[in-house]
Structure formats: structure tokens, C-alpha cells
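# Analysis of the macromolecular model
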Amino acid sequence: MIGRITSSTMTQQSLRTLQSNLADRERLQNQAASQRAFRSPSEDPAAAATALGVHGDQARVAQFARNLSDGMAWVTTVDTALGASADLLNRARDLTAQGANSGALSPTARESIAQELESISAELLAKANTRVLGRSVFAGTSDAGSAFDPATFTFNGGAGAGVHRRISDNETVRVDFDGSQAFGEGAGSAFALLNDIAADLRNGVEVGSRLGDIDARLKDVNAARGSTGARQVQIERASAQNLSASIDLEARRTEVENVDSLEVLVRLQSAELVFQSALQVTARSLQTNLMEFLR
């Protein structure tokens, strides 16, 4: 049975066709203006799900980048403090070697060396109490104001309680250093050692035997610096890998969410042509007058 085609049917079908062409043109115009492949997940559920996964990965990588930056600030501060400490101990060793030549030194010269050693001890203590963002880099997770007590040289950090930063899904790195390992503590600390040598010089005691003690403390500081340097390299390597991952994820996100501008413009021009043609055809086909209707 052949259905009857009325003017109303033709009009409705023509309007539906025009509306479809207009919606397609509007979608392409939005893509060209925003450079985005879709505005809502309903337009492309599969691409939207992929984009959500990529955004989650990007957030994780961004957090790793923040951890790496903070960790690098810590290990750089530790390395700088240890380097300065090594220089101070080397200077103290030179002064102790001079003071060991007791026969050629006057009391005034011995006093001068003693004062400089005490000054070095105070500077060394300041380096051992170095802080970053309000926290001591040699006291671990302790919330004490300083790693070492200025009067007794007691270590305020917690043994084995280090500060760690997660730098990848399966990797963490310690960013502080145990101050007691590098400087000793209490009466056995490097600070107390230098003060004791200064006191011996004032009392006329032979200090040549103290050179071995300074060498032992210097060895600990250099070992700590070597360990810190290895952590720096680890963080730098992780930073490079994290940056590469960030670039790859951004490329993937762009591929999913963004559009090819040239392709969209070509399709938009084509849609515009189709729409204009549909308008002309509809205008011609719906020019029904009374005589044509009566026929």
C-alpha cells in the first residue's frame, strides 16, 4: 500500500533535515571555536572515559613533580650544609696542626688559634642546625627547633625516623640525613671536639693526637655528603623520567580531547554548503500555491 504524501509531511521532513544539518554545523562551529572534540561525555562516552583516565594520570604525575621539587630542595640544602661543614673541619685540622707545634707558639698565638677553633665550632653547629621551610634537615621527623642543643650538643632527632618523599609509583627517597651520624652527639660531637682542642691549647696540652679525631669526624661528614649526592642523582633521574611521562600524557590528552583545526574547518565549510543547499531545495520544493493545492 502506497502512503499518501501530503504537504504537511513534506514540510515536517524538510524541517527535520534542516534541523539536523543546522545541529551538525553548530557542533562543528563549537569544535572550531573551542578546539575541543566534545563538550560533554554524552557526545563521545569512550573518549570521555579515556580523557578521565589521562587526567587522573596527569594529576598523579603532577604530585610526583611537587614531591621531587620539595625533595630536591631538602637534599640540596643538606649537601650544601655538609660541604660547608667539611670546609670548616679542614680549616680546624689545619689550625690544630699549627697548635701542635707547641714549641714555636707563644701563648698569644695559642689563644688566637683557640678562639678561631671555638668560632669554627659555633659555625659548624649552625650548619648542623640548618633548616628548610622551618624544619631541621638533620633531625629527621623531630619537631624540635634545632637538631642539636646549643649548650650540650645533645641530638634532638629521632633515631631512624627519616623524612621520605614518594617520587614514583614504586619508589621513595630519603631527603634528610641523620645528624648524629654526620656530626656525632654530646661530648663525642664535632662541636665538643673543637671546643676541647681550644681548651687544651689554652692549658698548654699537646693537641697533635687530636688530628685523628678530626679526621674521623671529617670522614663521617664526607660519607654523609656522598650518600646525599647519590640521593640527588636519584631525584634528578626521577625528575627526568617524570617530565617525560608528563609530556607523553599531555600528547595523549591532546589527541583525545583536541581536534585537528584544518580538518574541522574543511568539515565546517562542507556542512555550511550542505545547509545552504538544503535551504534552497526546501524553499523551491515548498512553494505551494492555491492552484497547486487544488490539483
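What this report covers is the structure whose coordinates are included nearby. Source: prediction; values computed, not measured.

Further remarks concern the overall build of the chain. Looking only at helices and strands, the chain features eight helices and four strands. Traced from its N-terminal end to its C-terminal end, the chain shows the element sequence α-α-α-β-β-β-β-α-α-α-α-α. Sequence-distant contacts in the chain: of pairs separated by 6 or more residues, those separated by 24 or more amount to 73%.

Mapped onto the secondary structure, Arg231 falls in helix H6 (residues 211-257). Excluding anything up to four places from it in sequence, Arg231 contacts Val75, Val173, Arg174, Asp176 and Phe177.

Another aspect to go through is the packing of aromatic side chains. Using the criterion set out here, one finds six aromatic pairs in the structure. Seen from their ring centres, Phe153 and Phe191 are 5.5 Å apart, and the 50 degrees between their planes marks the pair as tilted. With Phe153 in the loop between strand E2 (135-136) and strand E3 (164-168) and Phe191 in helix H5 (residues 190-202), this residue pair connects regions lying 38 residues apart in the sequence. Accessibility classification places Phe153 together with Phe191 in one group, the buried group.

This part takes up the packing of helix H3 (residues 107-128) against H5. At their nearest, the axes of H3 and H5 sit 8 Å apart, and the two run at 170 degrees to each other. Regarding the angle of H3 to H5, the classification is roughly antiparallel. In this structure, H3 contributes Arg110, Glu111, Ile113, Ala114, Gln115, Leu117, Glu118, Ile120, Ser121, Leu124, Leu125 and Ala128 to the contact, and H5 contributes Ala190, Phe191, Leu194, Asn195, Ile197, Ala198, Asp200, Leu201 and Arg202. Of the residues contributing to the contact of H3 with H5, the split by class is 13 nonpolar, three polar and five charged.

Moving on, we come to the pattern of salt bridges. With the rule as written, the count across this model stands at 12 salt bridges. One salt bridge in this structure joins Arg60 and Asp169, with 3.1 Å as the shortest N-O distance. Remark: Asp169 occurs in the loop between E3 and strand E4 (171-174) and Arg60 occurs in helix H2 (residues 45-99); sequence separation between them is 109 residues. With a relative accessible area of 34%, Arg60 lands in the partly exposed category. Arg93 serves as the salt-bridge partner of Asp215, at 2.5 Å between the closest nitrogen and oxygen. With a gap of 122 residues between them, Asp215 in helix H6 and Arg93 in helix H2 connect regions that are remote in the sequence. Judged by relative accessible area, which is 31%, Asp215 ranks as partly exposed. The network of salt bridges with common partners includes Asp57, Arg60 and Asp169.

Analysis parameters
Residues numbered from 1 in each chain as written. Predicted model: local features only at pLDDT ≥ 70, side-chain atom pairs only at ≥ 80, totals over all residues. Heavy atoms only, no water. Helix = DSSP H or I, 4+ residues; strand = E, 2+ residues; numbered from the N terminus. Contact = heavy atoms within 4.5 Å. Phe/Tyr/Trp six-rings, centres within 6.5 Å; stacked < 30°, edge-to-face > 60°. Buried < 20%, exposed > 50% of the residue type's maximum accessible area, 1.4 Å probe, protein only. Axes fitted to C-alpha atoms, helices over the stretch in contact; angles between N-to-C directions. Parallel < 35°, antiparallel > 145°, perpendicular 65-115°, else oblique. Nonpolar A, V, L, I, M, F, W, Y, C, P; charged D, E, K, R; others polar. Salt bridge = Lys/Arg side-chain N within 4 Å of Asp/Glu carboxyl O.

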